[in-house]
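A closer look at the structure
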Amino acid sequence: MKRFLGVFLAMVMVLCMTACGNDDGKSSSSTPSSGAEKSEQPSGGGDASDEKPVEITFATWAMESEMTKMVDLYNSSQSKVHVTLQVTPLSEYGTLMNAVLGTSEGPDVLWAGLQTRLWGNAGKLAELQERAAQDNLDFGVFLEYPLKQNYVGDKLYGIPCYTDSYAICYNKAIFDKYDVAYPQKGWSWTDYEAIAEELNAKIKEQGGSEFASAFSINEPAHGTLLMLTGNGAKLYNEDVSACALNVPESVEMLEMMRRMIASGAQADYDTLVETSPNSLFISGLAAMIVVCPDPGANGLFEGTAVKDTLEYIAFPNGPTSGTNYISTVTMNNLVINSGTEKFDAAWDFVTWYTMDQAAVDLFAQIEWHLPTNVNALDSWKASHDYAEVYVEEAERVVTVWDVPLCNYSCLGQISPSLIPVFNGEISAEEGLANLEKAINDLITEERSK
């Protein structure tokens with residue numbers, strides 16, 4: 001059983017961390033740690049002393065050059081703790097951490113995503129709530145849901161670093177070609193459909209081949225779930241005991257999407273499986289797509305014809321609910337190994353990394369995911385051309401890692417249940433009922449273990 005759990009955690013690690021474009025890291029290590037120190041009172045920026053600094057290690061799976069900048073800034077800001085960066089390839093990270101966490105052989109501080117709860121439940125991570133209360137830390141600076149994902153009951157196992165958001169990216173050249181007005185800030189999903197249908201009608205009239213919309217319904221998490229939460233639905237109810245997607249707001253969104261597919265305004269499922277929404281957009285064959293922050297930073301559009309004609313706009317508001325949530329499966333937290341013999345030093349680094357203004361400003365400048373500390377948002381917005389629209393939506397972000405060991409199974413039920421709806425084979429109500437049952441069965445099975 002332990003062998004199975006270790007393999008499973010490693011697989012989940014790879015899935016979770018590649019959810020929105022994370023790059024694999026290369027093995028790297030600076031001077032090895034010197035081991036536990038008798039005294040480990042971190043200075044947090046105090047005066048230098050004759051004592052040797054406490055040596056701790058910080059493990060990540062990517063962004064070696066960027067994280068080196070973070071480590072260098074911390075090391076230069078005080079003299080009582082020295083951090084050594086340890087970068088392990090993503091493909092090996094989960095397996096390694098499963099083997100060494102909970103022991104003194106593991107890193108003192110490390111990145112964790114979904115595994116925060118899993119490793120916390122397994123006793124592999126240090127519990128942080130008592131120390132946070134002792135230090136009177138203000139957790140009000142963090143976005144609500146990314147912070148919540150670090151708790152198991154009232155036990156805190158990590159502090160959030162980044163999450164993700166989404167926006168609509170549209171190609172102004174296609175709108176100009178067919179003389180259709182651009183989407184406007186504050187638009188609704190009703191507006192989205194109306195614009196797509198107007199554009200589609202003119203494309204057909206003029207013998208064009210573009211899709212007005214290539215919303216990624218081929219992606220269960222980054223598309224279909226995003227569409228449903230875009231009208232106020234949530235994946236789970238408040239106590240995470242049942243699926244909460246089977247609501248009238250979801251019916252409305254599915255019926256809207258099915259109408260657009262039937263008219264040809266929206267690319268159908270099979271087309272999107274054959275040619276991704278991004279490929280259609282870059283080729284000038286789609287006017288509107290969904291984009292998360294990392295493609296803009298990683299050069300998805302660089303060197304393409306659409307680079308100079310694209311524009312970002314916040315997700316539409318829900319036609320029924322009047323609001324929307326931005327669901328995401330991407331999260332990154334800083335956690336402390338329960339086996340560390342240098343907790344105070346590790347805690348000093350973690351709180352500096354996630355809460356010190358100089359640290360969060362630097363992090364915002366080098367990181368393309370959405371920072372979870374609201375004090376970093378101004379720096380993030382100033383550092384990335386595309387960032388303003390995602391900052392507008394920051395408070396709407398809802399991370400969906402709510403059922404340990406079960407999430408990818410739950411998300412895996414979305415496409416089988418709802419593709420028949422998109423194809424016109426069953427009603428939206430029937431598809432949502434099938435999805436609700438499939439997810440509830442998985443939750444029941446997981447909770448009975």
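Residues numbered from 1 in each chain as written. Predicted model: local features only at pLDDT ≥ 70, side-chain atom pairs only at ≥ 80, totals over all residues. Heavy atoms only, no water.

Within the protein chain, the secondary structure is distributed over 20 helices and 14 strands. Long-range pairs, those at least 24 residues apart, make up 77% of the contacts in the protein chain between residues at least 6 apart in sequence. (Helix = DSSP H or I, 4+ residues; strand = E, 2+ residues; numbered from the N terminus. Contact = heavy atoms within 4.5 Å.)

Turning our eyes to something else, we now look at the pattern of salt bridges. Under the counting rule described, the total for this entry stands at eight salt bridges. Between Asp-344 and Arg-131 there is a salt bridge whose closest N-O contact spans 2.8 Å. Taken as a pair, Asp-344 in helix H14 (residues 343–355) and Arg-131 in helix H5 (residues 129–134) lie far apart in primary sequence, 213 residues in all. For the salt bridge of Lys-177 with Glu-210, the shortest nitrogen-to-oxygen distance reads 3.0 Å. On the criterion of sequence distance, the pair formed by Lys-177 in helix H7 (residues 172–177) and Glu-210 in the loop between helix H8 (189–205) and helix H9 (220–229) is long-range, its members being 33 residues apart. (Salt bridge = Lys/Arg side-chain N within 4 Å of Asp/Glu carboxyl O.)

So, on to the packing of aromatic side chains. Tallying each qualifying case throughout the model produces 22 aromatic pairs. Ring geometry for Trp-380 versus Tyr-390: centroids 6.4 Å apart, planes at 65°, classification edge-to-face. Taken together, the residues span a long stretch of sequence, with Trp-380 in helix H16 (residues 377–383) and Tyr-390 in helix H17 (residues 387–392) at a distance of ten residues. The class of Tyr-390 is buried, set by a relative accessible area of 0%. Its end group placed over the ring of Tyr-325, Lys-234 keeps NZ or CZ at 4.6 Å from the ring centre. (Phe/Tyr/Trp six-rings, centres within 6.5 Å; stacked < 30°, edge-to-face > 60°. Buried < 20%, exposed > 50% of the residue type's maximum accessible area, 1.4 Å probe, protein only. Lys NZ or Arg CZ within 6 Å of the ring centre and 35° of its normal.)

Moving on: the packing of helix H2 (residues 64–77) against H14. Contact geometry for H2 and H14: axes closest at 11 Å, N-to-C directions at 115°. Crossing geometry of H2 relative to H14 is assigned as right-handed. Between H2 and H14, the contacting residues are Met-67, Met-70, Leu-73, Tyr-74 and Ser-77 on the first element and Ala-345, Asp-348, Phe-349, Trp-352 and Tyr-353 on the second. Grouping the amino acids of the contact of H2 with H14 by side-chain chemistry returns eight nonpolar, one polar and one charged. (Axes fitted to C-alpha atoms, helices over the stretch in contact; angles between N-to-C directions. Left-handed = near helix turned anticlockwise from the far one by under 90°. Nonpolar A, V, L, I, M, F, W, Y, C, P; charged D, E, K, R; others polar.)

Helix length check: H14 (13 residues) gives 18 Å between terminal C-alpha atoms against 18 Å at 1.5 Å per residue, within 8%. Counted residue by residue, H14 has ten buried out of 13 residues, so it is predominantly covered. For H14, the complete set of buried residues consists of Ala-345, Ala-346, Trp-347, Asp-348, Phe-349, Val-350, Thr-351, Trp-352, Tyr-353 and Thr-354. (Expected span 1.5 Å × (residues − 1).)

Attention now goes to H9. In terms of residue burial, H9 counts as a mostly covered element, since nine of its ten residues are buried. Of all the residues in H9, the buried ones are Ala-221, His-222, Gly-223, Thr-224, Leu-225, Leu-226, Met-227, Leu-228 and Thr-229.

Next up on the list: the pairing of strand S12 (residues 332–336). In summary, the side chains of a regular strand alternate between the two faces of the sheet. Counting buried positions over the five residues of S12 gives five, a clear majority of the element. Bridging between strand S4 (residues 109–112) and S12 involves four bridges; their strand directions are antiparallel. From the neighbouring strand, Val-109 faces S12, where its bridge partner is Ile-336. Looking at chain direction, strand S7 (residues 159–163) and S12 are connected through three bridges and run antiparallel. Paired with Pro-160 across the strands is Asn-333, a residue of S12. (Pairing = 2+ DSSP bridges.)

Below, the discussion takes up the environment of Gly-113. Residue placement: Gly-113 occurs in the loop between S4 and helix H4 (115–121). Put simply, Gly-113 and Pro-160 are 47 residues apart on the chain and 9.0 Å apart in space, counted from C-alpha to C-alpha.

If you check the backbone angles, Asn-136 has positive phi at about 55° while not being a glycine. By the element assignment, Asn-136 lies in the loop between H5 and helix H6 (144–148).

Our focus in this paragraph is the nonpolar core. By size, the foremost hydrophobic cluster in this structure holds 89 residues, and its most contacted members are Phe-215, Met-288 and Tyr-312. Among the elements that make up this core, the one with the highest residue count is helix H10 (residues 248–263) (seven residues). With 53 residues, the next largest nonpolar core counts Trp-61, Trp-119, Leu-125 and Leu-147 among its residues. (Core = buried A, V, L, I, M, F, W, Y, C linked by side-chain atoms within 4.5 Å.)

Right, let's get into the pairing of strand S9 (residues 288–291). Side chains Met-288 and Val-290 of S9 all project onto a buried face; the interleaved residues Ile-289 and Val-291 project onto the opposite face, where all are buried too. By the bridge criterion, four bridges tie strand S8 (residues 167–171) to S9 in an arrangement that is antiparallel. Counted as the bridge partner of Ala-167 is Val-291 from S9.

With respect to topology, three strands assemble into an open sheet ordered S9-S8-S10, the strand pairing being antiparallel. A single partner strand is all that each edge strand has here, and the edge strands are S9 and strand S10 (310–313). Recorded for the sheet is a direction-independent mean angle of 30° between the axes of neighbouring strands. Pairing of S8 with S10 involves four bridges; the strand directions are antiparallel.

This next bit is on the packing of helix H19 (residues 414–422) against helix H20 (residues 428–447). For any two helices packed against each other, one specifies the inter-axial angle together with the distance between the axes. Look at H19 against H20: their axes get within 8 Å of each other, and the N-to-C directions meet at 170°. Taken as axis vectors, H19 and H20 run roughly antiparallel relative to one another. Here H19 contributes Ile-414, Ser-417, Leu-418 and Val-421 to the contact with H20, which in turn contributes Ala-428, Gly-431, Leu-432, Asn-434 and Leu-435. For the contact of H19 with H20, a count of residues per class yields six nonpolar, three polar and no charged. (Parallel < 35°, antiparallel > 145°, perpendicular 65-115°, else oblique.)

This part takes up the side chain of Thr-88. With respect to the element layout, Thr-88 can be found in the loop between strand S3 (81–87) and helix H3 (90–100). When near neighbours in sequence (up to four residues on either side) are disregarded, Thr-88 contacts Thr-60, Trp-61, Tyr-93 and Leu-96.

For the protein chain, per-residue confidence averages 86 on the pLDDT scale, and 85% of positions sit at 70 or higher. This model gives residues 1–39 a pLDDT under 50, and the stretch forms 90 contacts once residues within four places in sequence are excluded. Residue range residues 43–48 is modelled with pLDDT below 50. Its contacts to residues more than four positions away, or to other chains, number ten contacts. (pLDDT = per-residue confidence, 0-100.)

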